[in-house]
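Report on the structure
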Amino acid sequence: MVAFKVTRVGTTPFDGQKPGTSGLRKKVKVFTQPHYLQNFVQATFNALGSDKVKGATLVISGDGRYFSKDAIQVITKMAAANGVRRVWVGQHGLMSTPAVSAVVRDRVGADGSKANGAFILTASHNPGGPHEDFGVKYNMENGGPAPEGVTNKIYENTTTIKEYLIAEGLPDVDISKTGVSSFEGPDGKFDVDVFDSTIDYVKLMKSIFDFLSIQKLLSSPKFGFCYDALHGVAGYYAKRIFVEELGGKESSLLNCVPKEDFGGGHPDPNLTYAKELVARMGLSKSLSEPNPPEFGAAADGDADRNMILGKRFFVTPSDSVAIIAANAVEAIPYFSGGLKGVARSMPTSAALDVVAKSLNLKFYEVPTGWKFFGNLMDAGMCSICGEESFGTGSDHIREKDGIWAVLAWLSILADKNKDNLGGEKLVSVEDIVRQHWATYGRHYYTRYDYENVDAAGAKELMAHLVKLQSSLDEVNKIIKGIHSDVSNVVHGDEFEYKDPVDSSISKHQGIRYLFEDGSRLVFRLSGTGSEGATIRVYIEQYEKDPSKIGRDSQEALAPLVEVAIKLSKMQEFTGRSAPTVIT
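Below or above, wherever it landed, is the structure these notes cover. If you're wondering where the values come from, they're calculated on a predicted model, not measured in any experiment. Once a new chain begins, its residue numbering starts again from 1 and follows that chain's sequence as written. Under the rules for a predicted model, residues below a pLDDT of 70 receive no local features and side-chain atom pairs below 80 are neither given nor counted, while totals for whole chains, interfaces and linings still include all residues. Side-chain metrics rest on all non-hydrogen atoms present in the structure, leaving aside hydrogens and water.

Digging into helix α13 (residues 370-378)
Let me state the cut-off plainly: Using a 1.4 Å probe on the protein chains alone, a residue whose accessible area is under 20% of its type maximum counts as buried, one over 50% counts as exposed, and one in between counts as partly exposed. Strands are runs of DSSP state E lasting at least 2 residues, helices are runs of H or I lasting at least 4, and numbering of each runs from the N terminus.
Most of α13 is tucked away, with seven of its nine residues classed as buried. What α13 keeps buried is the set W370, K371, F372, F373, G374, L376 and M377. Phi turns positive, to about 70°, at G380, one or two residues after α13.

Take a look at the structure:
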């Protein structure tokens, strides 16, 4: 058995190692600086404390982006030096973020061990490659992201760190093959268990959904299906679930081979970046298929986000979570006993609110960041939740789950068509969405992203919007000068959240303008970029009149869009005349 020693390596702090809503994200060239990754990992171990680290079992895996394999070896050696008892690594270093959460919560090792936490190597939907993004985030024993109390400690530690611990003499472990490698160190035995993470995840999905009913739907000659992993880690699970378990055709899978640079693409599942899927589903303006499939979906790099498409039809994420919640009890066995409650992030449209009110469900509005949903779920207060940034999930884990969302939609389609598979026309994605609008009303909704803008200009823009809120009369005068037919603003604030579980308060979570007719404008600085600033503008208009729910979304929202851009002085503060992405 190979023995190793613990070496203490002197180091100095790096500026800016503050974790955002989903860990620390920077360019690869930043992470590959000597000591940079090591400083952050040691700061995390120090924040957790030796009582939670020594003897622990940790998961170390990620979405397979560039630098992941090197980072796994570094973190493994640091875990050994800090007294961790064993490390679990997904084969090839691959494990989706939702699968990590599932493994932390449910997997039992051959020796009876259970995981205490996880280092997830991902920058989610950000591009990968030698000149692109890398990220590290820590998840707790509940499988969810570290809360602010822990991430604040990590950051404080990065500002004062003087040394880190690493195992000298511990060889790199071959993560391409499953099996356990054992070593001996000052604290005793240290194991690295490389395993196939698809096994645990598939088992969990089969405990939630009726795979037989979905299989019947996919076998119908009238039902075409298409799934695009955008060369992210979702491809690792897609073949197992959609082809081997559910009997779908392998030709229905697009870009399902994980690549370190995501094939040179941007692994963000939206209408801008999922070009191949958008064309196949008949939604591209220039390259669309003449006969699209009935159902299409895409994932992001680490498979926690999803995009749902019907034939020539886009489902907004805000509508998606509302529709899943409205149909879950009937269509998904896991929820057959009823929903404990539902929740959405503040910028997400109020479509879920209307469903909750109609079905008499507990409802919560939280800041952006999955950890807020996790608190509600741990307390047994929430079953289904979602955010407008293509994230949907439930209390089966403590992360959003892209493949879960796809299986939820397939379950709803299977349920709506269970007596109709032999009929002339299947109930389609569009049919389900339009029926939902007819029942609950439609929330016209769009998001404008201004990416990598100057950080100083972004802060000035936000300060300008806060200052405007001191006089709503002045705000309404400005708005009437832009568009006289837009409703009056009746409330403006910076969203602040008091967690009903632990009473913690989260301030400055976005700037809101609420209109008399139920419309909303929300402005928020995103924490998911690796450099510069990203300003997100959310525009929403509620329409109850059945005769007015069929309009084109961008056309219906055009007046509010113009108000948002001019009220915020977007071009003046950022120099941008158009958004980077519209969703």
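Quick look at the state of the cysteines
Here, the word disulfide means a covalent bond between the sulfur atoms of two cysteines. Quick reminder of the rule: In this description, the term disulfide denotes a pair of cysteine sulfurs within 2.5 Å.
This structure, assessed with the given rule, holds zero disulfides. The structure places no disulfide on C256, whose sulfur is separated from the nearest cysteine sulfur, that of C226, by 8.8 Å. The class of C256 is buried, set by a relative accessible area of 15%. Free of any disulfide, C382 has its nearest cysteine sulfur in C385, 4.8 Å distant.

Section: the sheet that holds strand β24 (residues 511-515)
Through backbone hydrogen bonds, the strands of a sheet pair up, either in parallel or in antiparallel fashion. The test is simple: Strand pairing is defined by DSSP finding a minimum of two bridges between the two strands.
With antiparallel pairing, six strands are arranged side by side in an open sheet as β21-β24-β25-β26-β20-β27. For this open sheet the edge positions go to β21 (489-494) and β27 (581-582), each flanked by a neighbour on one side alone. Relative to β27, strand β20 (residues 442-453) is paired through two bridges, and the arrangement is antiparallel. For D449, the partnering residue across the bridge sits in β27 and is V581.

Topic: the packing of helix α5 (residues 97-106) against helix α7 (residues 198-208)
Selection criterion: Structural elements are reduced to axes, namely lines fitted to C-alpha atoms, with helices fitted over the stretch in contact, and the angle between N-to-C directions of any two is expressed from 0 to 180 degrees. The cut-offs work like this: below 35 degrees is roughly parallel, past 145 is roughly antiparallel, 65 to 115 is roughly perpendicular, and the gaps in between are oblique. Contacts are assigned to residue pairs with any non-hydrogen atoms lying within 4.5 Å of each other. Note that Gly is not counted as nonpolar here; it falls among the polar residues with everything else outside the nonpolar set of Ala, Val, Leu, Ile, Met, Phe, Trp, Tyr, Cys and Pro and the charged set of Asp, Glu, Lys and Arg.
Look at α5 against α7: their axes get within 9 Å of each other, and the N-to-C directions meet at 85°. By the angle between their axes, α5 is roughly perpendicular relative to α7. Here P98, A99, A102, V103 and D106 of α5 come into contact with α7, specifically with D200, Y201 and L204. For the contact of α5 with α7, the class distribution of residues is six nonpolar, no polar and two charged.

Concerning the sheet that holds strand β18 (residues 384-387)
Read from one edge of the open sheet, four strands run β17-β16-β18-β19, paired in mixed fashion. Each edge of the open sheet carries a strand with a single partner, namely β17 (363-366) and β19 (391-394). Geometrically, the sheet is characterised by an average inter-axis angle of 15° between neighbouring strands, direction not taken into account. Bridge count for strand β16 (residues 342-345) against β17 is four bridges, and the pairing is parallel. Following the sheet pairing, R344 is matched in β17 by E365. Together, β16, β17, β18 and β19 form the strand contacts of α13, whose direction differs from that of β18 by roughly 170°.

Quick word on the pairing of β16
The condition is simple: The crossover handedness rule: strands pointing away from the viewer, path from first strand over the helix to second strand clockwise, crossover right-handed.
On β16, burial covers both faces: V342 and R344 on one face and A343 and S345 on the other are all buried. Where the polypeptide runs from β16 across helix α12 (residues 351-358) and back to β17, its parallel neighbour, the crossover connection is right-handed. Pairing of β16 with β18, which is carried by three bridges, proceeds in the parallel orientation. Across the sheet, the residue bridging to A343 is C385, located in β18.

Things to note about the nonpolar core
Quick reminder of the rule: In this description, a nonpolar core means a group of buried Ala, Val, Leu, Ile, Met, Phe, Trp, Tyr and Cys residues linked to one another through side-chain atoms lying within 4.5 Å.
Ranked by internal contacts, the top residues of the largest apolar core, which has 81 residues, are Y227, F242, F295, L407 and L410. Per element, the largest residue contribution to this core is 11 residues, and it comes from helix α14 (residues 402-416). The contacts of F295, once residues within four sequence positions are left out, are F223, G224, F225, C226, M281, I308, L309, V406, W409, L410, L413 and V429. Of all hydrophobic cores here, the second largest spans 46 residues; its members include F4, L58, F67 and I166.

Quick look at the packing of aromatic side chains
Here the distance between the centres and the angle between the planes together describe a pair of aromatic rings. The test is simple: Geometry of aromatic contacts follows a simple scheme: Phe, Tyr and Trp rings, the Trp one being its six-membered ring, pair when their centres are within 6.5 Å, and the pair is stacked under 30 degrees between planes, edge-to-face over 60, tilted otherwise. Remark: a charge is flagged as sitting over a ring if the NZ atom of Lys or the CZ atom of Arg is within 6 Å of the ring centre and within 35 degrees of the ring normal.
A complete count under the given rule lists 20 aromatic pairs for this structure. For the pair Y236 and Y237, a centre-to-centre distance of 5.5 Å together with 80° between the ring planes defines the contact as edge-to-face. Owing to a relative accessible area of 19%, Y236 belongs among the buried residues under this scheme. Three or more aromatic residues link up through ring pairs in this structure, and these residues are F14, F31, Y36, F67 and F134. Here the basic side chain of R107 rests over the ring of W88, its NZ or CZ set 4.6 Å away from the ring centre.

Digging into the side chain of D499
For D499, the position within the fold is in the loop between β22 (497-498) and β23 (505-506). If near-sequence neighbours (up to four positions away) are discounted, D499 is found in contact with N375 and S504.

Points about the pattern of salt bridges
The test is simple: The rule for a salt bridge is simple: a side-chain nitrogen of Lys or Arg has to be within 4 Å of a carboxyl oxygen of Asp or Glu.
This model, assessed by the stated rule, comprises 34 salt bridges. Between D304 and K400 there is a salt bridge, and its shortest N-O distance comes to 3.9 Å. Separated by 96 residues along the polypeptide, D304 in the loop between β13 (295-299) and β14 (306-310) and K400 in the loop between β19 and α14 bring together distant segments of the chain. An identical accessibility class is assigned to D304 and K400; each is buried. Salt bridges here are not isolated pairs; linked through shared partners, they connect R344, D353, E365, D493, R512, R520 and E540.

Focus on the environment of S207
Spelled out, the test is: Residues adjacent in sequence count toward polar contacts only when both atoms are side-chain atoms; beyond that, a polar contact is any pair of N or O atoms within 3.5 Å, and within protein one must be able to donate a hydrogen and the other to accept it.
With respect to the helices and strands, the residue S207 is situated in helix α7. By relative accessible area, which is 47% here, S207 ends up partly exposed. Residues S207 and V41 lie 166 residues apart in sequence; the distance between their C-alpha atoms is 35 Å. A distance of 2.6 Å separates a polar atom in the side chain of S207 from the backbone oxygen of L204.

Focus: the packing of α14 against helix α15 (residues 429-440)
Interaxial distance between α14 and α15 falls to 10 Å at its minimum, and their mutual angle equals 90°. By the angle class used here, α14 and α15 are roughly perpendicular. For the pair α14 and α15, contact is made by W409, I412, L413 and K416 and by V429, I432 and V433, respectively. For the contact of α14 with α15, the per-class residue count stands at six nonpolar, no polar and one charged.

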